[in-house]
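This is what each chain is made of:
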Amino acid sequence: MIKFSLKLLEKKYLLFFCYIFFLFITIFIFSYLMSVEHHDTVDDFGNLRIFNVNNAFGRYIESILVLNEPKVTFVGMDFYFSMRPVLPYFLIFVFENISTNYYIILLIKNVPIGALIFFIIKNYNKNYNNFFIAACLILIFYNPHNIHTMYDIGSEEAFLNYLMICLFFFIFGDYKYKSLFVGITLSLIFFTKESMFILTSLIPVAYFFLEKKHNKYLPLIMIIVSNLVWGSYHFTKQNYFPIGPKGSAKNALNLANVYHKDFNSTYPRVSPDIYFKNTVELIKKKDIKGEKELMNILINQSLIFLKENPYEVIKGVFKKVYVITLSPFKDTRPRLEDSNPIRYSNFPNKIIFNLSLIFLFINIFNKRRSFSKKKIDFYYLIILITYFVPYIIGFVYPRHCTAMYTLAHLYVFLNMVQFNKFNINKLIKKNLKS
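Values in this document were obtained by computation on a predicted structure and should not be read as measured data.

### Quick word on the environment of Ser327
Topologically, Ser327 is positioned in the loop between helix H16 (310-325) and helix H17 (346-364). Every residue in contact with Ser327, bar those within four places of it in the chain, is listed here: Tyr322, Asn346 and Lys350.

What follows is the structure, given as structure tokens:
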């Protein structure tokens, strides 16, 4: 049976068509469930209510389409450089030019990038067969919470998770235009979510020192250009160049929700969003007029709390690490009295994630392991640190971690391939013998 399955996998295009069929079916199921549960987002005819998209993106899109001004009104103020363009402008383009149907929008978003991931994996190593592709795809798509996050259109993770998978394979794989692909992916990540500034800044630096390719500087140049384009655009509009920690007032708002005396008494049971009311009161009290002014005040306020309450801050860090590594519960709840049930898909995610940390620790400190083999470990470590630092500083829930949980599965699998655990190389190598 195993040999038959392996030979079936080797048939040209069969695996790809099965995979695309899987995407169509699972996206349809996801679309149906979302339509039933979220009438505020999808109407009775299956059309997207684009102005009601989650996480303030709907309001941002409404401002673009109605007022012709890219801004979002939040806590009583207008924010101009706190929303990155990938998600909202994708939705606007599809909604206005192709279809308003929710299922069609999901297909347009997920099928092309899903197909791209197939071919990225296919070209990862010319010596690996379709069983390797199938194993990677299963690891990416088997977990309901992970694919729910990827299929969705209401959060940056819906694009970010795909992009992190692409980055993972591009960095480790043997591609003809590897540096160009890494640079493009990092630029897209930069324009997807503001908290990825650290990751998109440090990965190109690590790439420059760890790679030997003559064009290894290309990702660094592309990310510098991305920063200049983003900053220059807003400088011409608001006379302010957003970059780094002060690149988004949204980050400052999240910090304000974390660095105060009540945070540890409610997190992670309740969303820190309940503390936005404190920022609204602060704006009224100090008569704050602009996004830049509010951002400076909130960052300084958070730094003061950090200096004066180090124990509370450290306690909060441990809570965030608990959420990332151990917590079995769903993301959050809006009120203390609301239930917060267990999400069972958290168990495989966190087991594999913690296993990947064990593999990483062993590999890094293994003196007999060559530098060329350790490169995957160094990259994985840098990706983990740069991805999670903004969340450790701010706050984190499992949906924020799904990209890293997926990469953990792939990292563990590649370790199994490298060490030939369970004779796995017999399965993934081309030219299988009958």
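### Let's talk about a nonpolar patch on the surface
Together, Phe21, Phe24, Ile25, Phe28, Ile29, Tyr32, Leu33 and Val36 give the surface a local cluster of nonpolar side chains, amounting to about 790 Å² of exposed area. Assignment of secondary structure puts Ile29 in helix H2 (residues 14-37). Overall, the relative accessible area of 43% leaves Ile29 in the partly exposed class.

### Let's talk about helix H19 (residues 398-419)
Along its 22 residues, H19 runs 30 Å from first to last C-alpha, staying within 8% of the 32 Å computed at 1.5 Å per residue. Where H19 bends most, at Met404, the angle is about 30 degrees. Across the 22 residues that make up H19, a large majority, 19, are buried.

### Points about the packing of H2 against helix H5 (residues 102-122)
Direction vectors running N to C along H2 and H5 enclose 150 degrees, while the axes themselves pass 10 Å from each other. As far as their axial angle goes, H5 and H2 are roughly antiparallel. Crossing hand, H2 versus H5: right-handed. Between H2 and H5, the residues in contact are Leu15, Phe16, Tyr19, Ile20, Leu23, Phe24, Ile27, Phe28, Phe30, Ser31, Met34 and Ser35 and Tyr102, Tyr103, Leu106, Leu107, Asn110, Val111, Gly114, Ala115, Phe118 and Phe119, respectively. Of the residues contributing to the contact of H2 with H5, the split by class is 18 nonpolar, four polar and no charged.

The rules behind these values
- Residues numbered from 1 in each chain as written.
- Predicted model: local features only at pLDDT ≥ 70, side-chain atom pairs only at ≥ 80, totals over all residues.
- Heavy atoms only, no water.
- Helix = DSSP H or I, 4+ residues; strand = E, 2+ residues; numbered from the N terminus.
- Contact = heavy atoms within 4.5 Å.
- Patch = residues over 30% accessible without salt bridge, like charges linked within 9 Å, V, L, I, M, F, W, Y side chains within 5 Å.
- Areas by Shrake-Rupley, 256 points an atom, 1.4 Å probe, with all protein chains shown as cover.
- Salt bridge = Lys/Arg side-chain N within 4 Å of Asp/Glu carboxyl O.
- Buried < 20%, exposed > 50% of the residue type's maximum accessible area, 1.4 Å probe, protein only.
- Expected span 1.5 Å × (residues − 1).
- Bend = angle between axes of the 7 residues up to and from the residue.
- Axes fitted to C-alpha atoms, helices over the stretch in contact; angles between N-to-C directions.
- Parallel < 35°, antiparallel > 145°, perpendicular 65-115°, else oblique.
- Left-handed = near helix turned anticlockwise from the far one by under 90°.
- Nonpolar A, V, L, I, M, F, W, Y, C, P; charged D, E, K, R; others polar.

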